[in-house]
Amino acid sequence: NKDKEGIQADKDDIDRQVQEITNTRDEIKKRLEEVQNNIEELNNAISQLEVDKFNRMNDHFGELIGVLDDSNSTIKQNIDLLEESGEVIDDSMYVAQIENEEQKLSLLQQQKDALEEQLELSVQTGYIEENSEEWKEMSNIISEIDSTILDCQINIEELNNAITQLEVDKFNRIADYFSKV
């Protein structure tokens, strides 16, 4: 009978130890899940910071480029006004626009290079996953810059053509003048 009581006590003691270990295991599992959730939240926050950094860089360049676009717009309006009033336009306004477009082209290339570098770094560090939604959005911004670079190059060619046309028009005016004399 004493042996049965001792065996039962040992069994109860083992059951209590098993329950304590099970409770400890369950508590550790719960804490581990919390830690994993915290890690996931931190990774998401870091990813968002990487996207924000990329967007701020893009916005900064956009502001600089916007100043050049505004300047060219003002010059173009002055050209239009002079043409409408019948004034003869020299090439200085077109040259100023070309200089602005060349500065813009340089800024666009710097913007593209900086954003490509930032995206590559974000992927290498694991903060942005390749082909994720964020990666696609960032890549699309870089592709849009490529398109803007081409537009800028076209604008420069068009402005150079306008200067050539000014020279042709000037030559024709001089020829007309001498043909009337």
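Here, every reference points to the structure presented above.
These lines cover the structure that appears in this document, whether it is placed above or below. On a predicted model such as this, the values are computed, not experimentally measured, just so you know.

## So, the packing of helix 1 (residues 2-84) against helix 2 (residues 92-124)
- For the pair helix 1 and helix 2, interaxial distance at closest approach is 10 Å and the crossing angle is 170°. By the angle between their axes, helix 1 is roughly antiparallel relative to helix 2.
- Here the contact of helix 1 with helix 2 is built from residues that sort into 17 nonpolar, 12 polar and 7 charged.

## Focus: helix 2
- Taking 1.5 Å per residue as the helical rise, helix 2 with its 33 residues ought to reach 48 Å, and the 48 Å between its terminal C-alpha atoms agrees with that figure.
- Two residues or fewer past helix 2, Gly126 is found with a positive phi of approximately 85°.

## Let's talk about helix 1
- Compared with an ideal rise of 1.5 Å per residue, which puts 83 residues at 123 Å, helix 1 spans 119 Å between its outermost C-alpha atoms and is within 8% of the ideal.
- Looking at the buried residues of helix 1, the elements they touch are helix 2 and helix 3 (133-180).
- Count one or two residues on from helix 1 and you reach Gly86, which has phi positive near 80°.

## Remarks on the nonpolar core
- Phe54, Leu108, Leu115, Leu119, Ile128, Met138 and Ile145 are the most contacted members of the largest nonpolar core, which has 18 residues in total.
- Those elements that place two or more of their residues in this core are helix 1, helix 2 and helix 3.
- The biggest single contributor to this core is helix 3, with 7 residues.
- Core analysis: the second largest hydrophobic core is formed by 8 residues, Tyr94, Ile98, Leu159 and Leu166 among them.

## Quick word on the pattern of salt bridges
- The tally for this structure, following the rule as stated, stands at 9 salt bridges.
- Measuring nitrogen to oxygen at the nearest pair gives 3.0 Å for the salt bridge that ties Asp13 to Arg16. With Asp13 and Arg16 both in helix 1 and 3 residues apart, this pair spans about one turn of that helix.
- When its relative accessible area of 46% is taken as the criterion, Arg16 is described as partly exposed.
- The salt bridge involving Lys76 is made with Asp80; its shortest N-O contact spans 2.7 Å. Remark: Asp80 and Lys76 occur in helix 1; sequence separation between them is 4 residues, near one turn of the helix.
- Classification of Asp80 as partly exposed rests on a relative accessible area of 30%.

## Comments concerning the packing of aromatic side chains
- For the coordinates displayed, the defined rule picks out 1 aromatic pair.
- When the ring of Tyr177 is compared with that of Phe178, the centres are 5.4 Å apart and the planes differ by 75°; the resulting orientation is edge-to-face.
- Given the relative accessible area of 55%, Tyr177 is considered exposed.
- The exposed category is assigned to Phe178, whose relative accessible area is 58%.

So, how was this worked out
Residues numbered from 1 in each chain as written. Predicted model: local features only at pLDDT ≥ 70, side-chain atom pairs only at ≥ 80, totals over all residues. Heavy atoms only, no water. Axes fitted to C-alpha atoms, helices over the stretch in contact; angles between N-to-C directions. Helix = DSSP H or I, 4+ residues; strand = E, 2+ residues; numbered from the N terminus. Parallel < 35°, antiparallel > 145°, perpendicular 65-115°, else oblique. Nonpolar A, V, L, I, M, F, W, Y, C, P; charged D, E, K, R; others polar. Expected span 1.5 Å × (residues − 1). Contact = heavy atoms within 4.5 Å. Core = buried A, V, L, I, M, F, W, Y, C linked by side-chain atoms within 4.5 Å. Buried < 20%, exposed > 50% of the residue type's maximum accessible area, 1.4 Å probe, protein only. Salt bridge = Lys/Arg side-chain N within 4 Å of Asp/Glu carboxyl O. Phe/Tyr/Trp six-rings, centres within 6.5 Å; stacked < 30°, edge-to-face > 60°.

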